[in-house]
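Fold and geometry: a report
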Amino acid sequence: MKKLILTTFAVFAGFAFMNAQEIADNAIGLRLGDSDGFGAEISYQRALGDNNRLEVDLGWRSGNNYDGFKLTGIYQWVWELDGNFNWYAGAGGGFGSYSFDDNDFDDETFFFVAGDVGIEYNFDIPLILSLDFRPELGFGDFRDDLDFDIALGIRYQF
């Protein structure tokens, strides 16, 4: 047990002393996820400091018998790996709604908590590419399980 506590302390102390690359004040673009999630989402990032930011994503889906949207907010910490190559981790949550046209399912509003971990590359032009993994735990009748969303992000920095 002592080794586990010391190892955990050493990892968090290492995070505190890592150098962070200055991140862009704003970035807007797309987060292209898997089909199990909401697919493509409009994504906005706002820097809150030298190494932390807020990401807000809006996704929607429309099918033959349903419509839905999902709004996600994630607080992220960013650390430099090498030059323009960074990694990040964060936590947050959001809410969404499904509306079904047929009577087989009831309409639903759901809430969820989410984690986020990923890597990104800041190009010398105002472009950033990222790949992230976001587990989400839903609280609702239709979305009441653990979902794993993997996505590619393409954003313009300004």
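Scroll up to find the structure this text is about.
Summary of the structure given here. (Residues numbered from 1 in each chain as written. Predicted model: local features only at pLDDT ≥ 70, side-chain atom pairs only at ≥ 80, totals over all residues. Heavy atoms only, no water.)

**Some words on the sheet that holds strand β3 (residues 52-62)**
Taking strand neighbours around the barrel as the criterion, the eight strands line up as β1-β2-β3-β4-β5-β6-β7-β8 in a closed arrangement whose pairing is antiparallel. Here the average twist between neighbouring strands, direction ignored, is 25°. As paired elements, strand β5 (residues 85-100) and strand β6 (residues 108-122) share 14 bridges and run antiparallel to each other. Within the sheet, the bridge partner assigned to Gly92 lies in β6 and is Ala114. (Pairing = 2+ DSSP bridges. Helix = DSSP H or I, 4+ residues; strand = E, 2+ residues; numbered from the N terminus. Axes fitted to C-alpha atoms, helices over the stretch in contact; angles between N-to-C directions.)

**So, the pattern of salt bridges**
Within the structure shown, the criterion is met by 11 salt bridges. As a salt-bridge pair, Arg155 and Glu55 come within 3.3 Å of each other at their nearest N and O atoms. Taken together, the residues Arg155 in strand β8 (residues 146-157) and Glu55 in strand β3 connect sequence positions 100 residues apart. No difference in accessibility class separates Arg155 from Glu55, as the two residues are buried. Each member of the salt-bridge network shares a partner with another, and the members are Arg31, Glu41, Glu55, Asp57, Lys70, Asp116, Asp132, Arg134, Glu136, Asp149 and Arg155. (Salt bridge = Lys/Arg side-chain N within 4 Å of Asp/Glu carboxyl O. Buried < 20%, exposed > 50% of the residue type's maximum accessible area, 1.4 Å probe, protein only.)

**A look at the packing of aromatic side chains**
For the structure on display, the rule yields eight aromatic pairs. An angle of 90° between the planes, with centres 6.0 Å apart, marks the rings of Phe69 and Phe95 as edge-to-face. With Phe69 in strand β4 (residues 66-82) and Phe95 in strand β5, this pair connects stretches of sequence that are 26 residues apart. Through a chain of ring-to-ring contacts, the aromatic side chains of Tyr98, Phe110 and Phe112 assemble into a single cluster. (Phe/Tyr/Trp six-rings, centres within 6.5 Å; stacked < 30°, edge-to-face > 60°.)

**Remarks on the pairing of strand β7 (residues 127-139)**
Every second residue of β7 is oriented toward a common face, the buried set being Ile128, Ser130, Asp132, Arg134, Glu136 and Gly138 and the non-buried set Leu127, Leu129, Leu131, Phe133, Pro135, Leu137 and Phe139. Bridge count between β7 and β8: 11 bridges; the pairing is antiparallel. Paired with Leu127 across the bridge in β8 is Tyr156.

**Examining the environment of Phe111**
Considering the arrangement of structural elements, one finds Phe111 in strand β6. C-alpha of Phe111 to C-alpha of Gly93: the two residues are 18 residues apart in sequence and 7.6 Å apart in space.

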